[in-house]
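Each chain is listed here by its residues.
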Amino acid sequence: MVKFLDKAKIRVISGHGGNGMVAWRREKYVDKGGPAGGDGGNGGDIYFIADENMSTLLDFKIKSVYKAESGENGGIKGMHGACAKDTIIRVPLGTVVRDLKSGKIIADIIEPEQKVLIAKGGRGGRGNARFATAQKRAPQFCEPGEPGIERVLELELKLIADIGLLGMPNAGKSTFISAVSSAKPKIADYPFTTIVPNLGVVKKSDGGSYVIADIPGLIEGASDGVGLGHEFLRHVERCRFLVHIVDLTAENPLNNYKIINKELEKHSKSLSELYQIVVLNKTDAIMEEEVDKYISDFENYSSDIFAISAVTRQGLEKLLYFIEKKVDEIPKPEFEIEIDEDVDAYNNDDSSFEIVKLAKDAYMVTGGKINRLSKVTDIRNTEQVIRLQNIMKSMGVFDELHKRGLKNGDTVLVGHLELGYYDDEIWGETDSKL
């Protein structure tokens, strides 16, 4: 039996960009050949793609870390490194993806073959040929590749079904779904026979089909964690409507019906407001007069009531015809899940910046472009540090730092770099002294 898993935590790491190259043209008859270092290739992206053939997150229990390939380094003679292949991770329909660092939902995968970028690969570093100008014809530096994006994600599966089955344990939900579809759930006479949701595909008269989700039974106090609690109700939140199975052989069928609806309301107001068809099951086990009495009792709570026996299939044909009609009439509910703009999936190049005074003589500068530039600056290369300084000047970073009180000898933290400020010069130190 395939184990059902509807929650998983994974770590994804996009590919590191390849480093640029410092190289020179050395043809025999080319005077002062100039720089010829190629660019590094981009690191591999990580994508999620919806797979209709998956129904559980069990694969992520087996493998929880996904790392994309790195781009190749640049070469001599202006040769660029190859970009890495993207990493594709297939997930079931109905997967909600949450970034654990921000706590925000970054994807809701509900369409077949839907493709979502989860982590953008690092840009490849530029070779020294890219920095040649009329004034600086022989740049002695290149860029290292950008690191990839690392994210810790929580995956939560909400099954995509047209109809959700509700009812107390032993109400006959598993028997019903096995009678109307090819699904073969375990059936036995003890509480919580169904410990995982089961899906059944029912053929329609016009050749189409619809999906029924058999959800584990609720009991009184489920909202407080009694029994299976509300653990699986997320799987009926996307249904068109509900079919409520009631066991007529129970001590108080009407009270059981009320208990389930009360627990439903505690879980979700929208779920409790979904249209319900009431199905009175196990008519083969009681007298016909009792069935009529129960139908009369339930008419005060629902206008659509059907009396059946899932075991003998009595009344099933009429019920299935009505369900098919409702599937065509009732559209799937639309969910407005707030999706994060997903800026963490990219190596952000926003030009805005923020300055934080850490101490009397220390400042930290952060921002999309600033952070990216710090990652591709080799602190050991004076030309690269000067280039970073010039870019920061043009962005107005030093003007703002002077307004905040920057003076000679102060420390400026830019990403992983620690820079000492002295008038118009910046001297870099490695982050080992941070």
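Everything that follows concerns the structure shown earlier in this document.
I will try to describe carefully the structure that is included in this document. (Residues numbered from 1 in each chain as written. Predicted model: local features only at pLDDT ≥ 70, side-chain atom pairs only at ≥ 80, totals over all residues. Heavy atoms only, no water.)

To continue, consider the pairing of strand β8 (residues 150-157). Remark: a regular strand shows side chains that alternate across the two faces of the sheet. Examined bridge by bridge, strand β1 (residues 7-13) and β8 share seven bridges and lie antiparallel to one another. Bridge pairing links Ile 10 to Leu 153 in β8. Two elements, strand β5 (residues 95-99) and β8, share five bridges in a ladder whose sense is antiparallel. Counterpart to Val 97 in the pairing with β8 is Leu 155. (Pairing = 2+ DSSP bridges. Helix = DSSP H or I, 4+ residues; strand = E, 2+ residues; numbered from the N terminus.)

A separate point is unusual backbone geometry. Its identity is not glycine, yet Lys 77 carries a phi of approximately 55 degrees, on the positive side. Note on placement: Lys 77 falls in the loop between β3 (65-67) and β4 (87-92). Even without glycine at this site, Glu 113 takes up a positive phi of about 65 degrees. Its location among the elements puts Glu 113 in the loop between β6 (105-109) and β7 (115-119).

Okay, the packing of aromatic side chains next. Two numbers describe a pair of aromatic rings. These are the distance of the centres and the angle of the planes. Inspection of every chain in the model, using the stated rule, returns seven aromatic pairs. A ring pair is formed by Phe 241 and Tyr 275, whose centres lie 5.8 Å apart and whose planes are at 65 degrees; its orientation type is edge-to-face. With Phe 241 in strand β12 (residues 241-247) and Tyr 275 in the loop between α4 (269-272) and β13 (276-281), the pair connects residues that are 34 residues apart, well separated along the chain. Residue Phe 241 is classed as buried on the basis of its relative accessible area of 0%. Taking the relative accessible area as the measure of exposure, Tyr 275 reaches 23% and is therefore partly exposed. By way of ring pairs, the aromatic residues Tyr 257, Phe 298 and Tyr 301 are connected into one cluster. When the ring centre of Tyr 294 is taken as reference, the NZ or CZ atom of Lys 293 above it lies at 5.8 Å. Directly above the ring of Tyr 275 sits Lys 326, whose terminal nitrogen or CZ lies 5.0 Å from the centroid. (Phe/Tyr/Trp six-rings, centres within 6.5 Å; stacked < 30°, edge-to-face > 60°. Buried < 20%, exposed > 50% of the residue type's maximum accessible area, 1.4 Å probe, protein only. Lys NZ or Arg CZ within 6 Å of the ring centre and 35° of its normal.)

Remember, this is a structural readout, not a statement about activity or role.
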